[in-house]
Amino acid sequence: MTIGIGSSALKWFKEEVGMKTGDKVKFYPQIYGSSPVQGSFAIGFSVDNTPIDMVVHTEIEGLTFYIESTDLWFFDEHDLQVDYNEEKDELEFSYTKS
């Protein structure tokens with residue numbers, strides 16, 4: 001499994017979330033919502049600089065994006081791609097089977 005962060009999403013995290021070098025973003029399942037990989041769960045994220053058990057991560061320009069071992073089930077062997085949609089002014093998540 002991999003995590004991909006598009007350049008527009010990276011810019012969004014820096015400008016809108018205020019992330020700086022050394023910060024970390026955790027992706028995790030949240031119970032309300034839906035996704036293409038888990039019908040009753042959506043993906044959420046938070047700035048969390050104290051990971052417990054990072055099993056998947058990627059570092060771009062000093063920022064780390066990761067998933068904890070306890071949340072790996074949500075992705076069901078899919079890679080995660082995060083992009084930013086300017087028209088909708090929101091992040092978009094896509095999943096590709098590994």
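Rules used throughout
- Every residue gets a number counted from 1 within its own chain, in the order that chain's sequence is written.
- Selection of residues for local features in this predicted model requires a pLDDT of at least 70, selection of side-chain atom pairs for listing and counting requires 80 or more, and totals for whole chains, interfaces and linings are taken over all residues.
- Heavy atoms throughout the structure, all of them, feed into the side-chain values; hydrogens and water do not.
- The pairing criterion for strands is at least two bridges between them, as found by DSSP.
- What counts as a helix is a DSSP run of H or I of at least four residues, what counts as a strand is a run of E of at least two, and both are numbered from the N terminus.
- Inter-axis angles, ranging from 0 to 180 degrees, are taken between N-to-C directions of lines fitted to C-alpha atoms, where helices are fitted over the stretch in contact.
- Contacts are residue-level and defined by heavy atoms, with any inter-residue pair within 4.5 Å sufficient.
- Buried, partly exposed and exposed residues are distinguished by accessible area as a fraction of the type maximum, computed with a 1.4 Å probe on protein chains only: under 20%, between the cut-offs, and over 50%, respectively.
- N or O atoms closer than or at 3.5 Å make up a polar contact, with two conditions inside protein: a donor-capable atom paired with an acceptor-capable one, and, for residues adjacent in sequence, both atoms drawn from side chains.
- The directions from the helix axis to the C-beta atoms form the arc being described.
- To count toward a patch, a residue needs a relative accessible area over 30% and no salt bridge; like charges are then connected within 9 Å, while nonpolar side chains (Val, Leu, Ile, Met, Phe, Trp, Tyr) are connected within 5 Å.
- Each accessible area value is a Shrake-Rupley result obtained with a 1.4 Å probe; residue values ignore everything except the protein chains displayed when judging cover.
- The term salt bridge refers to a pairing of a side-chain nitrogen on Lys or Arg with a carboxyl oxygen on Asp or Glu at a separation within 4 Å.
- For the purpose of counting charges, residues Lys and Arg are taken to be positive, whereas Asp and Glu are taken to be negative. His and the chain ends are not included.
- Just so you know, the charge point we use is NZ for Lys, CZ for Arg, CG for Asp and CD for Glu.

Draft legend 1. Seen up close, the sheet that holds strand β1 (residues 3-5). On the basis of which strands lie adjacent, the open sheet formed by three strands has the order β1-β6-β7 and mixed pairing. Two strands in the sheet have a free side with no partner beyond their single neighbour: β1 and β7 (90-97). Sheet twist, expressed as the mean angle between neighbouring strand axes with direction ignored, is 20°. Sheet topology places strand β6 (residues 78-85) next to β7; eight bridges connect them, and they run antiparallel. Bridged to Leu 80 within β7 is Tyr 95. Its contacts with the sheet put helix α1 (residues 7-15) on β1, β6 and β7, and the angle it makes with β6 is roughly 70°.

Draft legend 2. Structural view of the side chain of Asp 48. The topology assignment puts Asp 48 in the loop between β3 (42-47) and β4 (54-60). Its relative accessible area of 18% is what places Asp 48 among the buried residues. A polar atom in the side chain of Asp 48 sits 3.4 Å from the side chain of Lys 26. A distance of 3.0 Å separates the side chain of Asp 48 from the backbone nitrogen of Thr 50, its partner in a polar contact. Discounting chain neighbours no more than four positions away, the residues touching Asp 48 are Lys 24, Lys 26 and Tyr 66.

Draft legend 3. α1, seen in detail. Those residues of α1 that fall on the buried side of the exposure criterion are Ala 9, Leu 10, Trp 12 and Phe 13. Down the axis of α1, the buried set is contained in an arc of 160°. They therefore lie on one face. Turned more than 90 degrees away from the buried face of α1 sit Ser 7 and Glu 15, all of them exposed.

Draft legend 4. Structural context of a negative patch on the surface. The grouping of Glu 15, Glu 16, Glu 86, Glu 87, Asp 89, Glu 90 and Glu 92 at the surface amounts to a negative patch. Examined against the element boundaries, Glu 87 turns out to sit in the loop between β6 and β7.

Draft legend 5. Representation of the pattern of salt bridges. Applying the stated criterion to the full structure yields three salt bridges. The salt bridge partner of Lys 14 is Glu 61, with a shortest N-O separation of 2.3 Å. Placement of the pair is Lys 14 in helix α1 and Glu 61 in the loop between β4 and β5 (63-68), with a sequence separation of 47 residues. For Asp 48, the salt bridge goes to Lys 26, with nearest N and O atoms at 3.4 Å. With Asp 48 in the loop between β3 and β4 and Lys 26 in strand β2 (residues 24-30), this pair connects stretches of sequence that are 22 residues apart. Each of the two residues, Asp 48 as well as Lys 26, counts as buried.

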